[in-house]
Amino acid sequence: MNQWQTLTHEGLWANNPALVQLLGLCPLLAVSTTVVNSLGLAIATLFVMVGASTAVSLVRHQVPSTVRLPAFVMIIAAFVTCAELLMAAYAYPLYQLLGIFIPLIVTNCAILGRADAFASRQPVGLAALDGLMMGVGFGSVLVVLGGLRELLGQGTLFSDMALLFGPFAANWQLTLVDDYQFLFFVLPPGAFFVAGLLIALKNVLDQRSAARALPAAASPRSERRVRVTGIIK
């Protein structure tokens, strides 16, 4: 694989921030009660991760090493502020629902870690792609976790999507079980349980993929006896 394919594979699967690096777990577990909550935070995190990685790569030669981390935090905070203002302007009910977890994106170790470990050492294109793939990988896990918790905890899917997409999405809710609620999956312990299942599923798939990639054992070769006749002159 070339470098672009490697970054895509690592961000979406092999080095996924949520399933492999286990970074950003606080908002991942606290907000993912429904799909709309997870999707709102995933979009905000993706915006910040792409913007911060691109900006860090642009200024990587101008920032002294002594103030590198504080400068990166300031860059991330600037993009978080932009995401917060945009959400407050266009999806205010969802902004109120997510509350403190939008500003807390500043402290997401996945964003700061990639900015310091990768974006500060790579050109703009690769840094932007890395931020995009890491953001999509993190957001995908967030949305899947929110969907499973909403389904297992409330028996619905895509409820209250109008909070993010407006009145157009008012009828998107799918009710699979009427008058159903399983409080365990709505509360934080349910988030830990479902996240653990997702991590275990990924590990199982990786093990099976590695087993299939192993070359088949060579069949034992039959022994042959060779008679060597010397010629004596």
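Everything below is about the structure printed above this text.
Residues numbered from 1 in each chain as written. Predicted model: local features only at pLDDT ≥ 70, side-chain atom pairs only at ≥ 80, totals over all residues. Heavy atoms only, no water.

J.: Lay out the environment of threonine 81 in plain terms, naming residues and giving numbers.
T.: With respect to the helices, strands and loops of the structure, threonine 81 is situated in helix α4 (residues 68-90). For threonine 81, a relative accessible area of 39% puts it in the partly exposed group. Residues threonine 81 and proline 103 lie 22 residues apart in sequence; the distance between their C-alpha atoms is 7.4 Å. (Helix = DSSP H or I, 4+ residues; strand = E, 2+ residues; numbered from the N terminus. Buried < 20%, exposed > 50% of the residue type's maximum accessible area, 1.4 Å probe, protein only.)

J.: An account of a nonpolar patch on the surface is needed here, citing residue identities and associated values.
T.: On the surface, a nonpolar cluster with roughly 1,100 Å² of combined accessible area is contributed by Phe158, Phe165, Phe168, Trp172, Leu174, Leu176, Val177, Tyr180, Phe182, Phe184, Phe193 and Leu197. Mapping tyrosine 180 onto the fold places it in the loop between β2 (174-175) and α9 (183-186). A relative accessible area of 32% places tyrosine 180 in the partly exposed class. (Patch = residues over 30% accessible without salt bridge, like charges linked within 9 Å, V, L, I, M, F, W, Y side chains within 5 Å. Areas by Shrake-Rupley, 256 points an atom, 1.4 Å probe, with all protein chains shown as cover. Salt bridge = Lys/Arg side-chain N within 4 Å of Asp/Glu carboxyl O.)

J.: Can you lay out the packing of aromatic side chains for me, pointing to particular residues and giving the numbers?
T.: Applying the stated criterion across every chain, the model contains nine aromatic pairs. Relative to phenylalanine 185, the ring of phenylalanine 182 lies with its centre 5.1 Å away and its plane at 90 degrees, an arrangement referred to as edge-to-face. Residue classification places phenylalanine 185 among the buried positions, given a relative accessible area of 9%. Taken together, the ring pairs in this structure connect Phe182, Phe184, Phe185 and Phe193 into an aromatic cluster. (Phe/Tyr/Trp six-rings, centres within 6.5 Å; stacked < 30°, edge-to-face > 60°.)

J.: I'd like to hear about the nonpolar core, residue by residue, with values.
T.: Generally speaking, soluble globular proteins have nonpolar side chains that are buried together. Formed by 39 residues in total, the largest nonpolar core has its most connected members in Leu28, Val48, Ile105, Ile111 and Leu145. Residue assignment for this core shows that the elements contributing at least two residues are α2 (25-31), α3 (35-58), α4, α5 (92-98), α6 (109-117), α7 (124-154) and α10 (188-213). With residues near it in sequence (within four places) discarded, isoleucine 111 still touches Thr45, Val48, Met49, Ala52, Ile76 and Ile105. In this structure, Val56, Phe72, Ile75 and Ala115 belong to the second largest nonpolar core, which totals seven residues. (Core = buried A, V, L, I, M, F, W, Y, C linked by side-chain atoms within 4.5 Å. Contact = heavy atoms within 4.5 Å.)

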